[in-house]
Structure formats: structure tokens, C-alpha cells
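# A look at the structure
Take a look at the letters that make up each chain.
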Amino acid sequence: MKAFDYTITSPNGLHMRPAGLFSQKMQEFKSSIVLKRDEQEADTKKLMAIMKLRPKCGQLITVSAQGEDEDAAIEAAKEFLTANL
């Protein structure tokens, strides 16, 4: 299992549009990819699960991946979050 922490820097947080794009990107991978905020977790391949976390600017999130392409999934998640949030 691979994981990394990221602090949301976008003033709008992880709202619907970037959450949808993030979810689409994560669906490209076979690994299980989870987004965690505080004690709540969401499957990154499900948009509504991400939206229920309501990640806001300044909040720390953790992305973890487990599976055959976990390295590629983690790198893609890092790139997406850095470029968009």
C-alpha cells in the first residue's frame, strides 16, 4: 500500500468539478484508491463519496492506493491534486 498527505490549497476546496475530474482520473486504475479526511473515507472512483467528505481549503487529506498499479495511481493522484487543488 502507498499513501501520501496533501493540504487543499484551492480557496474553493474540492468542489464538484475538480472532484468529478479526479474521480474520472482514478477510474483509470485497477487499484483500490481511498481519500481520507479526518476519520472519514471515500472511494475515489465514486464522485458522491468524495463530495460527502467536503474537503475545504487548508484541510489535510490522505490518498492511499492498494493494488497492482498502486505506484502509478499515487503518482497520478499527486499530479492531479498539485495541478488543480
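A brief look at the structure comes next.

Okay, the overall build of the chain next. Looking only at helices and strands, one finds three helices and four strands in the chain. In terms of overall dimensions, the chain is globule-like: its C-alpha atoms have a radius of gyration of 11 Å, near the 12 Å expected for 85 residues. The C-alpha extent of the chain, read off along each of the three principal axes, is 35 × 25 × 20 Å. Across the chain, the fraction of contacts at a sequence separation of at least 24, relative to all contacts at a separation of at least 6, is 69%. For the chain, the exposed area adds up to about 5000 Å²; of that, 48% sits on carbon and sulfur atoms. Charged side chains of the chain number 12 positive and 12 negative; the gap between the two group centres comes to 7 Å.

Below, the discussion takes up unusual backbone geometry. Unusually for a residue other than glycine, aspartate 38 sits at a positive phi of about 55°. Looking at where aspartate 38 falls in the secondary structure, it is placed in the loop between strand E2 (32-37) and strand E3 (40-43). Despite not being glycine, arginine 54 shows a phi value in the positive range, around 50°. Among the structural elements, arginine 54 can be located in the loop between helix H2 (47-53) and strand E4 (60-66). Residue classification places arginine 54 among the exposed residues on the basis of a relative accessible area of 55%.

Following the sequence through the fold, glutamate 75 ends up in helix H3 (residues 70-84). Residue classification places glutamate 75 among the partly exposed residues on the basis of a relative accessible area of 41%.

The α-helix advances 3.6 residues per turn, and as a result positions three or four apart in sequence lie on the same side. End to end, H3 covers 21 Å across 15 residues, agreeing with the expected 21 Å (1.5 Å per residue, within 8%). Residues Glu70, Ala73, Ile74, Ala76, Ala77, Phe80 and Leu81 constitute the buried set of H3. In an axial view of H3, the angular spread of the buried residues amounts to 165°, which keeps them on one side of the axis. Across from the buried face of H3, at angles greater than 90 degrees, the exposed residues are Glu79, Thr82 and Ala83.

Reading guide: rules and limits
- Residues numbered from 1 in each chain as written.
- Predicted model: local features only at pLDDT ≥ 70, side-chain atom pairs only at ≥ 80, totals over all residues.
- Heavy atoms only, no water.
- Helix = DSSP H or I, 4+ residues; strand = E, 2+ residues; numbered from the N terminus.
- Rg over C-alpha atoms; globule rule 2.2 N^0.38 Å.
- Contact = heavy atoms within 4.5 Å.
- Areas by Shrake-Rupley, 256 points an atom, 1.4 Å probe, with all protein chains shown as cover.
- Lys, Arg positive; Asp, Glu negative; His and termini not counted.
- Charge placed at Lys NZ, Arg CZ, Asp CG, Glu CD.
- Buried < 20%, exposed > 50% of the residue type's maximum accessible area, 1.4 Å probe, protein only.
- Expected span 1.5 Å × (residues − 1).
- Arc of directions from axis to C-beta.

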